[in-house]
Structures are given as structure tokens and as C-alpha cells.
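Residue-level listing of the chains:
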Amino acid sequence: MLDAQEITHRFLDTKLQVHPEVVRYILENNEPDLIERILASVPRDAIVVSAKHIPGIRPTRDGTRFLVDPEVEVVAGSAGTSGAINGTSDYLHYFRDRYARLGGMIRSRAGSMPIEGLIRNTRYRQEECTVIGMVVEVKTTTNGHRIAEIEDSSGTIPVLFRKDRPAFADAERIIPDEVIGVKGKLSSDGRLFFAEILYRPDIRIDNAPFKSEQPGKAVFISDVHVGSDTFLETCWNKFADWLSDSDYSYLLIAGDLVDGIGIYPGQETELTIRNIYEQYDAFATMMRNLPSRMKIIVAPGNHDVVRGAEPQPVLPEQFTRRFPSNCVLVENPALVRLQGVRVLMYHGRSIDDMIGLIPGASYDQSGLMMEEMLQRRHLAPAYGRRTPIAASKTDRLIIDPLPEILHTGHVHIKGITTYRGVLGINAGTWQSQTKFQKQMNVNPTPALAVTVDLQTLIPETFSFA
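**Quick notes on the side chain of His412**
Next up, step 1: For His412, the position within the fold is in the loop between β15 (405-408) and β16 (415-419).
Next up, step 2: Judged by its relative accessible area of 5%, His412 falls in the buried class.
Next up, step 3: Within the local environment of His412, its side chain forms a polar contact with the side chain of His225, the two groups lying 3.2 Å apart.
Next up, step 4: Discounting chain neighbours no more than four positions away, the residues touching His412 are Asp223, His225, Gly428, Thr429, Gln431, Gln437, Pro444 and Thr445.

**Here we look at the nonpolar core**
Soluble globular proteins tend to pack their nonpolar side chains together in the buried interior.
Next up, step 1: Among the nonpolar cores identified, the biggest contains 35 residues, and Ile221, Val224, Trp236, Phe239, Leu251, Ile253 and Trp430 are the most heavily contacted of them.
Next up, step 2: For this core, the elements supplying multiple residues, two or more each, are β9 (217-221), α7 (233-244), β10 (250-254), α8 (276-288) and β11 (295-299).
Next up, step 3: Grouped together as the second largest cluster of nonpolar side chains are 31 residues, Ile54, Ile57, Ile106 and Ile197 included.

**Focus: helix α4 (residues 91-107)**
Next up, step 1: Its 17 residues place the ends of α4 23 Å apart at the C-alpha level, agreeing with the 24 Å of an ideal helix rising 1.5 Å per residue.
Next up, step 2: Buried within α4 we find Tyr94, Asp97, Arg98, Tyr99, Leu102, Gly103, Met105 and Ile106.
Next up, step 3: Along its buried surface, α4 packs onto β4 (128-140), β5 (146-151), β7 (179-186), β8 (193-199) and α11 (366-376).

**Quick look at unusual backbone geometry**
Next up, step 1: Cis geometry marks the peptide bond from Glu310 to Pro311, where omega comes out at 5°.
Next up, step 2: Residue position: Pro311 is located in the loop between β11 and α9 (317-320).
Next up, step 3: Even without being glycine, Asp177 reaches a positive phi, approximately 80°.
Next up, step 4: If you trace the backbone, Asp177 turns up in the loop between α6 (168-171) and β7.
Next up, step 5: Look at Asp177 and you get buried, because its relative accessible area is 15%.

**Regarding the packing of aromatic side chains**
Next up, step 1: Enumeration over the complete set of coordinates arrives at 16 aromatic pairs.
Next up, step 2: Plain terms: the ring middles of Trp236 and Trp430 are 5.2 Å apart, the flat faces sit at 75° to each other, and that makes the pair edge-to-face. Of this pair, Trp236 sits in helix α7 while Trp430 sits in the loop between β17 (422-426) and α12 (435-439); the two residues are 194 residues apart in sequence, bridging distant segments of the chain.
Next up, step 3: For Trp236, a relative accessible area of 2% corresponds to the buried category.
Next up, step 4: Residue classification places Trp430 among the buried positions, given a relative accessible area of 0%.

**A short note on the environment of Val135**
Next up, step 1: Looking at where Val135 falls in the secondary structure, it is placed in strand β4.
Next up, step 2: Distance in space between the C-alpha atoms of Val135 and Thr156 is 9.5 Å, their sequence separation being 21 residues.
Next up, step 3: Contact partners of Val135, with chain neighbours within four places excluded, come to Glu149, Ile150, Ile174, Ile175, Pro176, Asp177, Glu178 and Ile180.

**What about the pattern of salt bridges?**
Next up, step 1: Scanning the model with the defined rule gives 24 salt bridges in all.
Next up, step 2: Measuring nitrogen to oxygen at the nearest pair gives 2.7 Å for the salt bridge that ties Glu73 to Arg337. Taken together, the residues Glu73 in strand β3 (residues 72-76) and Arg337 in strand β13 (residues 334-338) connect sequence positions 264 residues apart.
Next up, step 3: Glu73 gets classed as partly exposed once you look at its relative accessible area, which sits at 22%.
Next up, step 4: Between Asp281 and Arg322 there is a salt bridge, and its shortest N-O distance comes to 3.6 Å. Of this pair, Asp281 sits in helix α8 while Arg322 sits in the loop between α9 and β12 (327-329), and the two are 41 residues apart along the sequence.
Next up, step 5: When salt bridges with common partners are traced through the structure, they connect Arg24, Glu28, Arg109, Asp170, Arg173, Glu178, Arg200, Glu372 and Arg376 into a single cluster.

**As for helix α2 (residues 20-29)**
Next up, step 1: Taken together, the buried positions of α2 are Glu21, Val22, Val23, Ile26, Leu27 and Glu28.
Next up, step 2: Just beyond α2, the residue with positive phi is Asn30, at close to 50°.

**Points about the sheet that holds β17**
Next up, step 1: The 6 strands lie next to each other as β3-β13-β14-β15-β17-β16, forming an open sheet whose pairing is mixed. Sheet topology places β3 and β16 at the edges, where each strand pairs with a single neighbour. Sheet twist, expressed as the average angle between the axes of neighbouring strands with direction ignored, equals 20°.
Next up, step 2: Note: β15 against β17, 4 bridges, orientation parallel. Across the sheet, the residue bridging to Thr408 is Asn426, located in β17.

**Some words on the packing of α2 against helix α3 (residues 33-41)**
Next up, step 1: Relative to each other, α2 and α3 sit at 140°, their axes nearing to 9 Å. The orientation of α2 with respect to α3, classified from their angle, is oblique. Of the residues in α3, those touching α2 at Val22, Tyr25 and Ile26 are Leu34, Ile35 and Ile38.

**Considerations on the sheet that holds β7**
Next up, step 1: Spatial ordering of the closed barrel is given by β4-β5-β6-β8-β7, a layout of 5 strands whose pairing is mixed. Direction aside, the axes of adjacent strands within the sheet are offset by 55° on average.
Next up, step 2: Sheet topology note: the β7/β8 ladder contains 6 bridges and is antiparallel. Note on β8: the bridge partner recorded for Leu186 is Phe193.
Next up, step 3: Sheet contacts for α4: β4, β5, β7 and β8; angle to β4, the most-contacted strand, approximately 130°.

**A short note on the pairing of β15**
Next up, step 1: Of the two faces of β15, both are covered, the one formed by Ile405 and His407 as well as the one formed by Leu406 and Thr408.
Next up, step 2: Pairing of strand β14 (residues 341-345) with β15, which is carried by 3 bridges, proceeds in the parallel orientation. Of the residues in β15, the one forming a bridge with Val343 is Ile405.

**Brief notes about the environment of Ile132**
Next up, step 1: Following the sequence through the fold, Ile132 ends up in strand β4.
Next up, step 2: A sequence separation of 29 residues divides Ile132 from Gly103, and the C-alpha atoms of the two residues are 6.4 Å apart.
Next up, step 3: Contacts of Ile132, omitting those with residues within four sequence positions, involve Tyr99, Gly103, Ile106, Arg107, Ala110, Ser112, Ile115, Ile150, Asp152, Val179, Ile180 and Gly181.

**A closer look at the packing of helix α1 (residues 4-12) against α3**
How two helices sit against one another is set out by the angle between their axes and by the gap between those axes.
Next up, step 1: Interaxial distance between α1 and α3 falls to 11 Å at its minimum, and their mutual angle equals 30°. With respect to α3, the axis of α1 lies roughly parallel. Read as a crossing pair, α1 and α3 show a hand that is right-handed. Taken together, the residues of α3 that come into contact with α1 (itself represented by Ile7, Arg10 and Phe11) are Ile35, Glu36, Ile38 and Leu39.
Next up, step 2: Residue classes in the contact of α1 with α3 are distributed as 5 nonpolar, no polar and 2 charged.

Rules used throughout
- Residues numbered from 1 in each chain as written.
- Predicted model: local features only at pLDDT ≥ 70, side-chain atom pairs only at ≥ 80, totals over all residues.
- Heavy atoms only, no water.
- Helix = DSSP H or I, 4+ residues; strand = E, 2+ residues; numbered from the N terminus.
- Buried < 20%, exposed > 50% of the residue type's maximum accessible area, 1.4 Å probe, protein only.
- Polar contact = N/O pair within 3.5 Å; in protein donor to acceptor, adjacent residues only side chain to side chain.
- Contact = heavy atoms within 4.5 Å.
- Core = buried A, V, L, I, M, F, W, Y, C linked by side-chain atoms within 4.5 Å.
- Expected span 1.5 Å × (residues − 1).
- Phe/Tyr/Trp six-rings, centres within 6.5 Å; stacked < 30°, edge-to-face > 60°.
- Salt bridge = Lys/Arg side-chain N within 4 Å of Asp/Glu carboxyl O.
- Pairing = 2+ DSSP bridges.
- Axes fitted to C-alpha atoms, helices over the stretch in contact; angles between N-to-C directions.
- Parallel < 35°, antiparallel > 145°, perpendicular 65-115°, else oblique.
- Left-handed = near helix turned anticlockwise from the far one by under 90°.
- Nonpolar A, V, L, I, M, F, W, Y, C, P; charged D, E, K, R; others polar.

Here it is in C-alpha cells:
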């Protein structure tokens with residue numbers, strides 16, 4: 001089996017640096033001669049070998065776009081699709097759906113065999129093979145190695161990631177309930193699987209984003225928190241005036257429109273509007289003061305007046321009656337198309353869980369947290385933690401199909417990233433630092449808007465502070 005260090009050194013011997021994605025691709029395909037074919041195709045003036053230098057790799061779009069009228073289309077997350085919570089009866093269906101769909105993404109790149117079949121058949125002892133499972137538990141051994149117990153529909157098996165092996169860096173980021181594939185060998189007694197390569201559902205290395213053929217620009221914001229004494233009204237008014245003088249066609253708001261009531265102890269002392277209906281009326285007035293030519297897509301967050309469990313339904317009619325007619329109400333999460341460009345809107349509450357589970361992660365890295373979601377192809381992979389999830393017969397939090405843009409919020413800190421053709425945007429907040437954030441040493445980036453030209457998918461940030 002190829003080794004990551006060997007691959008890297010082979011490129012360095014020719015005075016070329018190599019991108020980690022290329023190393024991973026070579027490892028996953030286990031083709032030693034691929035290195036020589038890549039080297040033969042690299043231009044003389046190249047310094048870093050990237051995915052575009054891999055022979056046979058051509059940009060490929062995820063699915064076909066059928067443009068419809070109107071130019072804003074809610075693909076997933078329209079009113080009434082979140083479904084009711086049916087107690088515990090749907091949990092089995094929910095996790096089976098998660099495993100089948102995410103496991104299928106891995107299986108398309110790496111063949112696998114059932115865990116039970118691997119354990120029972122002695123012919124596979126100490127032979128290289130691949131298994132796919134959902135992570136039941138993950139822990140660090142006293143010697144500093146990493147052990148993950150994974151489960152498929154046939155059985156469970158502990159997987160050892162040794163700290164001296166290349167896969168260990170990936171193993172440090174394993175979190176409960178994500179679906180992974182592991183290539184390696186079973187121990188001679190059949191009780192332990194030794195990992196060499198870790199697969200995630202991930203995005204194809206050749207993924208190419210769709211871009212609009214027609215002119216169009218979108219603005220992305222989140223976490224307005226109307227009603228809070230830290231809401232930045234003056235900054236918002238500057239933003240509204242700026243929109244009136246601009247040519248932007250769409251405004252997307254990823255949750256926490258208002259500060260809410262009773263969200264945390266003592267909140268009433270930090271509110272300027274203490275009636276939930278009046279908070280939404282104030283927000284509605286703000287929306288009516290924006291240009292009526294714009295389409296405004298509005299999703300809820302954990303401060304809004306809907307159930308906390310995700311997927312969250314659209315805001316109830318009694319709170320949105322004064323919203324202007326150009327407002328499109330969607331669930332959290334929701335997938336919308338703007339002139340064919342797919343935007344996945346997700347408030348981002350699961351970022352709290354991921355920061356607590358991934359070593360070195362912090363609230364200052366919201367861009368990296370979106371990359372972690374995309375690699376796992378799931379918006380909230382860890383189940384049963386701070387992010388409540390309503391189990392249903394299908395897992396609505398799986399990232400499928402792929403968007404061109406992933407739009408999140410919640411953490412109040414700006415983050416922009418591009419990962420394998422997907423643009424991740426977190427625009428921060430319209431609320432200054434709260435007392436709780438000060439205690440937690442969280443420094444928000446308020447009064448920002450991120451814009452995207454739908455023909456180029458190039459983001460630009462504007463400040464109204």
C-alpha cells in the first residue's frame with residue numbers, strides 16, 4: 001500500500017510541491033503509476049501539483065439545472081415539508097437512511113464488505129479490505145492512538161488508527177454518528193481492524209459549480225436579532241440605504257431574525273422589545289423598507305418562534321402577516337435556486353457541537369466548520385448533543401444534492417471559504433457583543449453583508465459599522 005510520505009517525497013524529488021488533495025486521491029485509488037502519469041502532465045512552470053494536473057480529471061457539475069420561472073425556486077424546505085415529530089418510532093428509519101445514503105457516496109469510490117462477513121470469514125484475516133460504518137464511539141487510547149467503533153446493518157467493529165500512520169490526522173477529527181469508510185486489515189484474531197486510509201462521503205475532487213448565464217447578484221446575511229438591546233439599528237439603516245441604491249436581486253437571511261423571548265435566563269433584561277409579536281412586526285417593517293424589486297428569502301434560527309428541533313418549519317403565519325409580498329419563507333435548512341445557482345441555507349447551530357468535538361476548532365473558524373460539514377456531507381453529523389434533531393424517515397440534514405453556496409450563521413463571526421467548488425459563507429451578525437459572548441470571550445463581527453455575483457460566484461464583503 002502507498003504511503004503519504006512516500007508520495008510527497010516523490011514529488012519533492014522533482015522539485016514540486018503537491019496539494020494534500022492530490023495525495024489523498026492517489027492513496028484512495030492505490031495506483032502507484034499514477035504519480036508518474038501526473039508528473040508527465042505537469043507544466044514546466046508549475047510549482048504546486050493540484051487536482052487539475054491529474055490525468056482524466058475534468059470539471060463535472062453535480063446534476064443538471066432546469067431553469068424555471070420564477071428565478072427563485074425552493075427545491076427543499078418549502079412550507080409544510082419538515083413534518084411532525086413522531087416520538088421514537090422514526091429513529092430506526094432515520095439512521096438507516098443516513099447510513100445508506102452517506103455510505104453509498106463512499107461506496108462509489110471504494111468497494112466494501114459487511115462488517116459481520118469480514119469478522120466471520122477467516123479468509124479475510126490480515127488481508128487488505130474496506131468497511132463502511134456509522135461511528136458509535138470514538139476515544140483516544142492511553143498510548144495516544146485513536147479507536148473508533150463503527151457499525152453497519154450487520155455488526156460492529158473497533159477500528160484502530162495508529163498515531164504513527166498517515167490516517168491518524170483524519171482520525172483525530174472523527175466525531176460520533178458520522179459515516180466513514182476505512183481501508184486496512186483485520187487482526188489475526190478478528191477482533192480489531194487496523195486502519196490505513198479513512199474515507200468520508202466528501203465532495204468529488206472534480207466538482208465544478210454551476211454559474212448563472214444571466215446577470216444577477218445576491219446578498220447574504222444572518223442573525224439580525226431585532227428586539228435585542230445590542231441590535232445595531234443605525235448600521236442596519238445604512239445597509240438598507242445601500243440596498244436601495246444597488247442592483248442586487250436577492251437577499252438571503254439565514255435565521256435568528258429576532259432575539260426571541262425566554263431563549264436564555266435573564267434575557268428579558270437585555271430586550272428593547274419584550275413582546276414576540278412586536279419583535280416580528282419590527283422586523284416586518286424593516287423588510288418593507290427594503291427595495292420591493294428584491295426577493296428576500298427568510299429562514300428561521302434557534303432564536304425564532306418555531307420548534308428548536310431541526311429541520312425547523314417556516315415561521316407561523318400569525319407572526320409574518322405584515323411581511324412584504326416579496327418575502328419567501330423557507331425552513332431551516334432549505335435548498336433554493338437563484339437563476340440555477342443552488343444555495344443551501346442552514347442556520348448553523350451544529351457548529352457548537354463540532355467545535356466541541358474537533359480538536360483545535362474555534363468560533364473564529366466558521367469557514368473551516370463549513371468545510372467539515374461538506375466533507376461529511378451532513379449539516380449536523382453528531383446526534384443528541386446541543387443541536388436537537390427531529391428524527392423522520394429520511395435525514396433532511398444530508399447535503400445532497402451539492403449546492404454552489406452553503407450559507408450559515410449562528411456563531412456571529414464572519415467566515416468565507418471555498419472547498420472543492422462550494423462557496424461557504426457566514427456573514428456574522430447585526431448584533432454587537434452580548435454579555436454572554438463577553439463572558440465566553442467571543443468577539444462577533446457585526447454589521448457585515450457578503451455579496452455574490454451569480455455569474456462568477458466571487459464573494460465580496462461590505463461593512464456598515
